[in-house]
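One-letter residues, chain by chain:
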Amino acid sequence: MSSDDVDAVLIGRNEGARLVAALESLRGQVRRVVYVDSGSTDGSVAAARAAGATVVQLDAATPFTAARGRNAGFAALDDPGLVLFVDSDCTLEPGFVDAARAHLARHPRIGLVTGWRSEVAPHASLYNRLCDWEWHRPAGPIRSCGGDILVRASAWRAVDGQRPDLIAGEDEEFCLRLSQAGWGLERLPLAMTRHDAAMTRFGQWWARAVRAGHAFAQMGTLHPHHWRAERRRVWLYAVALPLAVVVLLFVAPAWSALLALAYPVSLIRTARGLARDGVDGAVRWRLAALLVLSKLPNLVGMATYWSRRLRGHAMTLIEYK
């Protein structure tokens, strides 16, 4: 199956060797490659040009966002048919483009397909393992997905691409609007990309969780039903329960202790969910602890969003690398 009508857009910032690997993985699988750079200082621009990619350098006068980069990359393409969007810390798996292209040819009302993303080194750190678990979701019709997608150019144009003011969750928000416009979305049961989170420190995980909280809050103002459960869990476990436990400690200590049991109960339920997903026992409890703890940095991210919004400040990136 030919990939002559598939063009690729990569976005990145200081990805170095990961960008080189990403560009190499696209060779022979797509027609053209556009690389959009967000102020790199590590030679990424030169590496992309050496690989034959068209390079778009974003003006630093406007805050960088992934959505802004993807929009700029799409605009740089000449009459695209299908566009593959991949982040520059990912490599494309052989065969996915042809299979996805064929699937779209058979189903004209599907506007977007994605596949499975996996981590390059899931056992290098607990945080990488968490990412690997997060990426693997059931195949079939979906409402939203992450940034590795093959999309019809006509569908992209129909909803005016992605919102450049979103610093996170821009992929999910784009998918929701695409679905609302009548397009189908599907995750194919195929390996699509290999991702290199390179997340080895607690501080990196914390920053990533803060960014997720920012996305929860910002999405709530645009699509109130999306991530509603996530926002509720943050308010429950990071605000309501701690306050209730502290207050009751002085007036009804027994009730305070009973409420505090909500955390170990949540830990057990989370670990059971991970077990159903095939996560082994040695790692399961540590991942569960991170997921329970994540409500705190999520709360920080939500508060950051509302603080910025109320003060009229720009929504600038929260980076973990």
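Everything that follows concerns the structure shown earlier in this document.
The text that follows walks through the structure, step by step, so that each part is easy to find. (Residues numbered from 1 in each chain as written. Predicted model: local features only at pLDDT ≥ 70, side-chain atom pairs only at ≥ 80, totals over all residues. Heavy atoms only, no water.)

Because the α-helix completes a turn every 3.6 residues, residues three or four places apart line up on one side. With respect to burial, helix α7 (residues 170-180) is a largely interior element, nine of its eleven residues being buried. Tucked into the core, α7 has its buried residues touching α3 (66-75), β6 (110-119), β8 (149-152), α6 (153-158), β9 (184-195) and α8 (202-222). Within two residues after α7, G182 carries a phi angle of roughly 100°, on the positive side. (Buried < 20%, exposed > 50% of the residue type's maximum accessible area, 1.4 Å probe, protein only. Helix = DSSP H or I, 4+ residues; strand = E, 2+ residues; numbered from the N terminus. Contact = heavy atoms within 4.5 Å.)

Among the nonpolar cores identified, the biggest contains 28 residues, and L10, L26, V33, L84 and L150 are the most heavily contacted of them. Excluding residues that lie within four positions of it along the chain, L150 makes contacts with V6, L82, V83, L84, V97, A100, R101, L104, G111, L112, V113 and M192. Ranked by size, the runner-up nonpolar core spans 26 residues in total, among them V56, L77, A155 and F174. (Core = buried A, V, L, I, M, F, W, Y, C linked by side-chain atoms within 4.5 Å.)

As enumerated under the stated definition, the model contains 16 salt bridges in all. For R32, the salt bridge is made with D7, and the minimal N-O distance between the two is 2.6 Å. Here R32 is found in strand β2 (residues 32-37), whereas its partner D7 is found in strand β1 (residues 6-12), with 25 residues between them in sequence. A relative accessible area of 26% places R32 in the partly exposed class. We note a salt bridge from E319 to R13, for which the minimum N-O separation is 3.3 Å. One end of the pair, E319, is in the segment after α13 (295-311); the other, R13, is in the loop between β1 and α1 (17-26), with 306 residues separating them in the sequence. E319 gets classed as partly exposed once you look at its relative accessible area, which sits at 46%. Classification of R13 by relative accessible area gives partly exposed; the value is 31%. Shared partners join several salt bridges into a network, and the residues in it are R70, D87, R117, D148, E170 and D171. (Salt bridge = Lys/Arg side-chain N within 4 Å of Asp/Glu carboxyl O.)

By themselves, these are just geometric observations and shouldn't be taken as functional.
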